[in-house]
Structures are given as structure tokens and as C-alpha cells.
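Summary of structural features
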Amino acid sequence: MEISRHPTTVYQAVAAQLEQALQQQYRCGDYLPSEQQLAAHYAVNRHTLRRAVDELVNKGLLQRRHGVGILVLMRPYDYPLHAQARFSQNLLEQGSHPTSERLLAVLRPASHDVATALGVNEGDDVIHLRTLRRVNGVPVCVINHFLSELRWWPALQQFHSGSLHDYLQQHLGLQLTRAQTRISTRRAQAKECQQLEIALQSPVLCVRTLNKNSDGQVAEYSVSLTRGDMIELTLEH
């Protein structure tokens, strides 16, 4: 592929053509060919190719993963926020492969925020589950789930992967509906950066959700830390 040879624009021209290729040929979670293959494809040297890739890394479209390759981050997945929104089903319909794994399952005293959200007393024991969601193998969000009904604890100790809400419906007969969503941003802490495989202090979306059961009672309070480069939230009215 021929690239303009003006010395100040060669890597920019490569970056522009590579960005166009990302839009047309790749999805978030894919890996690019090796730098050597890309350099040969665009008929430039490795140094020029690296500068072009760096341009797209700085724009948040690519991520270098040491020992693995160059990961595509662009084209965020659309996630509508409405009462019946289902994370896994929504992404499956977009042709992706979402997974979820349990990182933590404990009983712990409710903090002030958790107690207020669930309508219990501060210090009361609540169920705390932490899950990590991936899309096509790439970490997307870490979610802390808090539930106040302790009789669910024996069943929830057996939850290890997949959709938590599907598990609640199948094993406890609970059908949860989103009642309230609050969205803010903050910097990810060290452990969160490690879990989400992002740079230290990267900005993340903090999504706080109240889910109610069929009786209209708050059954779950969740706090999701989501990579803004991977998910685009859509408010439906």
C-alpha cells in the first residue's frame, strides 16, 4: 500500500489508514497483525509504524499488551439504560461474546451508602458479590453487588459465573427490574486498574443501580466501574 512520503506526515498517513481499517475490519477485542506484518502492509519501516500505532493508542483506539500484541479498543458497545436492560443479552445481539466471573462472595456489615440504598441499618450484614465482566475476553467492568436478604446467601455462594440476574431468576425465582441509575466518573484505583487492565488513574464510569423485585422492594444495589472506552450508555425515553 502506497503512503505519502512527505517526511512529517508519513506516520500520520499510516495512522489515518490504519484507523480507517479499524472501522471497517475490526471489532473491539480483536488483535492487529504483528508490527512487522503491518509495516510490510503499509510499506514503511517499523519505527514509522510504531509512531502510527502510538497515535491511535493516544486516541484510545488501540492498547499495547506486553507479550500479547496490539488490542483494538474502538467502537464502544451500546448499552441502553432502561428498566429491562440486560447486559449479556444486549451484547450477544451485537455479535459479541460476553462473560462474567465471580471475584468475591462474602457477608459484610453495610456501609452508610449501601445501607441507605437497601433500606437497612448501617452495620447490618448484607451479601456482597463482586463480578468481572469481559467482552470477547477483554475486561469491561467490575461490579459490586449488594443484597440484603440473607436467606439468599446459601444459594448465592454457589454462583460462580454467568449472568447474576439469570441465576437469581433460575435458582430463587427473582425477576429484578432496574428502578434507578446514577452515573458519575472518577479515577480508577490501583486494584481496579489491574482488574480492568487499564493504566493507573484512568477515568471510569461509576454506575450505581437500584434493582427491585416483582413486589416493588429494593432487592439489589450495585456499583459498576466501567471502562468508558468500551461501553457507550444510551438513555432511552
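Above: the structure in question.
Nothing here was measured: the structure is a model prediction, and the numbers come from that model.

Some remarks on the packing of aromatic side chains
Scanning the entire structure with this criterion turns up 2 aromatic pairs. For the ring pair Phe-146 and Tyr-221, a centre distance of 6.2 Å and an interplane angle of 25° mean the geometry is stacked. Here Phe-146 is found in strand S6 (residues 138-147), whereas its partner Tyr-221 is found in strand S9 (residues 218-227), with 75 residues between them in sequence. The pair Phe-146 / Tyr-221 is uniform in exposure class, with both members buried. When the centroid spacing of 5.3 Å and the interplanar angle of 65° are considered together, the rings of Phe-159 and Tyr-167 count as edge-to-face. Tyr-167 gets classed as buried once you look at its relative accessible area, which sits at 11%. The ring of Tyr-11 has Arg-51 lying over it, and the distance from NZ or CZ to the ring centre is 3.8 Å.

Digging into the pairing of S6
Of all 10 residues in S6, 10 are buried, a share of seventy percent or more. Pairing of strand S5 (residues 125-135) with S6, which is carried by 9 bridges, proceeds in the antiparallel orientation. Opposite Ile-127, over in S6, you have Leu-147 as the bridge partner. Here S5 folds back onto S6, and the loop between the two strands holds 2 residues, one of which, Asn-136, carries a positive phi near 55°. Strand direction decides the pairing type here: S6 and S9, joined by 6 bridges, are antiparallel. Paired with Phe-146 across the strands is Tyr-221, a residue of S9.

Analysis parameters
Residues numbered from 1 in each chain as written. Predicted model: local features only at pLDDT ≥ 70, side-chain atom pairs only at ≥ 80, totals over all residues. Heavy atoms only, no water. Phe/Tyr/Trp six-rings, centres within 6.5 Å; stacked < 30°, edge-to-face > 60°. Helix = DSSP H or I, 4+ residues; strand = E, 2+ residues; numbered from the N terminus. Buried < 20%, exposed > 50% of the residue type's maximum accessible area, 1.4 Å probe, protein only. Lys NZ or Arg CZ within 6 Å of the ring centre and 35° of its normal. Pairing = 2+ DSSP bridges.

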